[in-house]
Structures are given as C-alpha cells and as structure tokens.
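Geometric and topological summary
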Amino acid sequence: MEQEQEQEQSESAEVLASNLEDTKSIKKQEFTQKLTKIILILSLLYFVWYIVSDRITPMTDLARVRAFVTPIMPQVAGKITKIHVGGDRKVKKGELLFEIDPREYEYAVEKAQSDLELAGQNVGADIEAVAAAKANYEKAKSDLIAKEANTSRILAVEAKGVVSKSEGDRARGILAAAQQNVENTGASYRKSQQLLGKKGNDNAKVRSALSALSDAQLNLARTKVVAPSDGVISYAKADVGYYAAVGSKVMTFISTDAVWIEASYRENNLGNIRSGNPVDLVLDAAPGSVFEGSIVSVGYGVSFDNSVQGELPTAQKSTGWMREPQRFIVVIKLDENAHRLNLLREGGQADVITYTSNNFIMNGLGKLWVRITSLLTYIS
C-alpha cells in the first residue's frame, strides 16, 4: 500500500510539474506575442511618423558650418621680413599680418617721383617753345600784312608805268616769301602745341608720370599685408626669410563676419521648405544645446554630369534595389546667440530640423527629437 501511495504521489507531482511547464510556456508565448505586437505597433508608428515628418518637419544630420575662406596671397613679391600673426589666432579688420621687404618698392617710389619732376620740367620747356613759336607766327603774320600793302602800292604804280616790270616781279616774290613764312611759322606753332598737349596735371607726360608714381606707391603699401575683415588666421606656415611670390598662399583667413549653415536635404524633403521657415540646430561643438535659425534659400541644382565635352555620356549605375536619394543644399541663418558664444568653426558638423507648419503634434515630436539629439552629441 505504501508503495502504491508513493507511486500515486510521484505521478501527481509529475502531472503538476507538467502543468506548470505548460502554463509557463503559454505565458511565455503570450508575452512574446504581446511584445511582438508592441514592437510592430511602435515600428508602424515610427514609420508613419518618419513619412509624415519628412514633409512637415524634415530633418538631416548632414549639415556643416560654413564661412568665407580666403587664401592670403601677397600682391607683390619679396622676402618676408616680419610676421605679426601666427596660426589659429583671431584678427581684426586691417590688422597687420606680415611684411615684405620694402626697399625695392621704396626705390621705385623715389624714381617715380624724380620722373614726375622731370616731366614737369619738360612741360615747362615745351611751354616756352610754344610761346616762341607763337611769337614767330604772329610776327610773320604782321610782316605779311606789311608786305601785302607794299606790294599793292608797287603793283598799282607798275600798271601806270611808273616802275619797271622787274620791280613789280621783285615785289611779288617778297609777298610770296612772306606768305610762305606765315605758313611755316604757323605749322611750327601747331606742332609745338601738339608736343605740349594739355596744361598742368592734364598733360599726357605729367599724367603718365603721376600714374607711375601711384603704381609705385600702391606696390609699396602692398608690402604690408593686412586682414581683409574680422576673422581667424587658421593656417600660417611661412617664416621670416621666406620668399613670397605674387599669388602664392602664405596664410589662410576665415571670416567671422558671415557664418551660415549648409544642410544637405533629400529631394523629397524639399516639398514644403520655404525661405523664412524656423529651424532648430544642434552643433557638435556645443553638446546639450539647441540653437535657433531660419531658412535663407533652397538650392535649385547639384552637379551630377561628369561627362567630357565631345564624348559619349556615362549611364548611371544602380547600387541597390532602391536608388540613392538626391540631396540639395539648404542655406540656414543662425541666431545671434551662436555667434556670441564663438562656437562656429568652418566645417563644423550640425543636426538640423525644419518646421514647415504650425502642426502642434509634429512640431512637438520634432522638439523632442532635437533635444534627444543634443544630449547624444556628448557621446557622438
């Protein structure tokens, strides 16, 4: 009897354990099904949000800080004698960056000044020549008048037979010589006027000398290279004694007067983006912070045709079952707060979201996304 009872108890325990296992299995299946449903629902909601947000609150993590980058290149050649600013230093507009040996250009200024003085002296001499030529011309005209009157009298008495024909011919010859003298002195006078040109600083010789002096003074001023505006010298590898050729890059200047964001948006994001739309930005240089801005312009073209003129075009190849989306550049203006914090560096990365409407739900979700993104920049 005891053995039968023990066997029955053992069988009951096995049945109970089996029931427990079945219950656990059922609960596990139910949990898995619920979790799967939750994941599917969340995935569906995320998918719907992703599709809708692409139109109402488009976002991108392909954005960079941009500024005007200018290579500092001397406009005159020579050895660098002084360097006032090294790399990665802020400068103000007009601040002296470096100097080129000015001696050659100082000599050129002195020579141009001497040439100007010589031109003035030559003009003075030409003025005297013009005055002398004019006096000769006026004297010749006066002499012609007297010769004409005398010849008229001689010819009148010749007609009456008072003087011989030879006397009349001699008078005619004297008159012709006087007329020729007037023509010759007149031509000399006009020639001297042409050689003189205009008077004062309008004279061609003086203008040419003044132009040469201005060029020499400008080249001398160019031996001192200054910052074109407020900004940063980010690259300066030259040292004293380096020969700087005209057009050779000595330093790199990054302007801080105009800084903006260029965001790369997919083509299907652009449907509702308009100039003036507000945006939120997260700068990698400022983790945890969100900055405001606004759309300035939306790009209308990108470069994609790499074919060479005269050659057949190359067909684009697909890299997968879905083609790569085309992206366009959207220019964004930042608020003054980002400028004041000096966080903007050329090439710095940013995340951007644009609010194209007043949709409370989508804008709220967008604000949440940009806040989470700003916190994630601590570890990115």
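For the structure, check the block above.
Because the structure is a prediction, the values reported are computed rather than measured.

Summing up its helical and strand segments, the protein has 6 helices and 12 strands in all. Across the 380 residues that make up the protein, the buried fraction comes to 29%. Of all intrachain contacts in the protein linking residues separated by at least 6 positions in sequence, the fraction that spans at least 24 positions is 78%. Accessible area of the protein: about 25400 Å², with a carbon and sulfur share of 55%.

Counting residues in hydrophobic clusters, the biggest one holds 24 residues, and the most contacted among them are Ile261, Tyr265, Leu283, Ile332, Leu344 and Val352. At the level of secondary structure, the elements contributing two or more residues to this core comprise strand E1 (59–72), strand E8 (251–266), strand E9 (278–283), strand E10 (291–298), strand E11 (327–334) and strand E12 (349–354). If we skip the residues at most four places from it in the chain, Tyr265 touches Pro58, Met59, Thr60, Leu270, Ile273, Gln326, Arg327, Phe328, Val330, Val352, Ile353 and Thr354. In this structure, Ile72, Tyr105, Ala244 and Val250 belong to the second largest nonpolar core, which totals 17 residues.

Turning next to the side chain of Thr60. Note that Thr60 resides in strand E1. Here Leu62 takes part through its backbone nitrogen, which lies 3.0 Å from a polar atom of the side chain of Thr60. Among the polar contacts listed, one links the side chain of Thr60 to the backbone oxygen of Ser264, at a separation of 2.9 Å. Apart from the residues lying within four places of it in its own chain, the contact partners of Thr60 are Ala263, Ser264, Tyr265, Arg327, Ala350, Asp351 and Val352.

Once that is clear, we can look at the sheet that holds strand E2 (residues 78–83). Strands sit in the order E5-E4-E2-E7 across an open sheet of 4 strands; the sheet is antiparallel. Because the sheet does not close on itself, it has two edges, and the strands there are strand E5 (224–226) and strand E7 (243–244). Where strand E4 (residues 96–100) meets E5, 3 bridges bridge the pair, whose relative direction is antiparallel. When the sheet's bridge partners are listed, Glu99 is paired in E5 with Lys224.

This part covers the environment of Ala285. Position of Ala285 among the secondary structure elements: in the loop between E9 and E10. Here Ala285 falls in the partly exposed class, since its relative accessible area comes to 42%. Each C-alpha atom, one on Ala285 and one on Thr377, is 8.7 Å from the other, the two residues being 92 residues apart in sequence.

Taking burial as the measure, the 6 residues of E12 include 5 buried ones, the bulk of the element. Of the strand pairs in this sheet, E1 and E12 are connected by 4 bridges, and their pairing is antiparallel. Note that in E12 the partner of Thr60 across the bridge is Val352.

In this section: the pattern of salt bridges. Enumeration over the complete set of coordinates arrives at 5 salt bridges. The network of salt bridges with common partners includes Arg66, Glu262 and Glu346.

The grouping of Phe360, Ile361, Leu365, Leu368, Ile372, Leu375, Leu376, Tyr378 and Ile379 at the surface amounts to a nonpolar patch, some 1000 Å² of accessible area in total. Take Leu376: it is sitting in helix H6 (residues 360–376).

Here we take up H6. When the terminal C-alpha atoms of H6 are compared, their 24 Å separation across 17 residues agrees well with the 24 Å that a helix rising 1.5 Å per residue should span. Turning to H6, its buried residues number three or more, namely Met362, Asn363, Gly366, Val370, Thr373 and Ser374. Along H6, the residues classed as buried sweep out an arc of 110 degrees about the axis, all on the same side. Opposite the buried face of H6, by more than 90 degrees, sit the exposed residues Phe360 and Ile361. N-capping of H6 is provided by Asn359, with a side-chain oxygen placed 3.1 Å from the backbone N of Ile361.

Moving on to the pairing of E10. As paired elements, E9 and E10 share 4 bridges and run antiparallel to each other. The residue bridging Leu281 from the neighbouring strand is Phe291, located in E10. As judged from the 5 bridges shared by E10 and E11, these two strands associate in the antiparallel manner. When the sheet's bridge partners are listed, Ile295 is paired in E11 with Ile332.

To continue, consider the environment of Phe98. In this structure, Phe98 sits in strand E4. Phe98 sits 12 residues away from Gly86 along the chain, and the two C-alpha atoms are 9.5 Å apart. Leave out the neighbours within four places in its chain, and Phe98 touches Ile72, Ile80, Lys82, Ile83, His84, Thr223, Lys224, Val225, Val250 and Met251.

As for its placement among the helices and strands, Asp351 is situated in strand E12. No salt bridge is formed by the buried Asp351, whose closest oppositely charged neighbour, Arg327, lies at an N-O distance of 10 Å. The contacts of Asp351, once residues within four sequence positions are left out, are Thr60, Asp61, Asp280, Leu281, Val282, Asp284, Trp369 and Thr373.

About the criteria used
- Residues numbered from 1 in each chain as written.
- Predicted model: local features only at pLDDT ≥ 70, side-chain atom pairs only at ≥ 80, totals over all residues.
- Heavy atoms only, no water.
- Helix = DSSP H or I, 4+ residues; strand = E, 2+ residues; numbered from the N terminus.
- Buried < 20%, exposed > 50% of the residue type's maximum accessible area, 1.4 Å probe, protein only.
- Contact = heavy atoms within 4.5 Å.
- Areas by Shrake-Rupley, 256 points an atom, 1.4 Å probe, with all protein chains shown as cover.
- Core = buried A, V, L, I, M, F, W, Y, C linked by side-chain atoms within 4.5 Å.
- Polar contact = N/O pair within 3.5 Å; in protein donor to acceptor, adjacent residues only side chain to side chain.
- Pairing = 2+ DSSP bridges.
- Salt bridge = Lys/Arg side-chain N within 4 Å of Asp/Glu carboxyl O.
- Patch = residues over 30% accessible without salt bridge, like charges linked within 9 Å, V, L, I, M, F, W, Y side chains within 5 Å.
- Expected span 1.5 Å × (residues − 1).
- Arc of directions from axis to C-beta.
- Lys, Arg positive; Asp, Glu negative; His and termini not counted.

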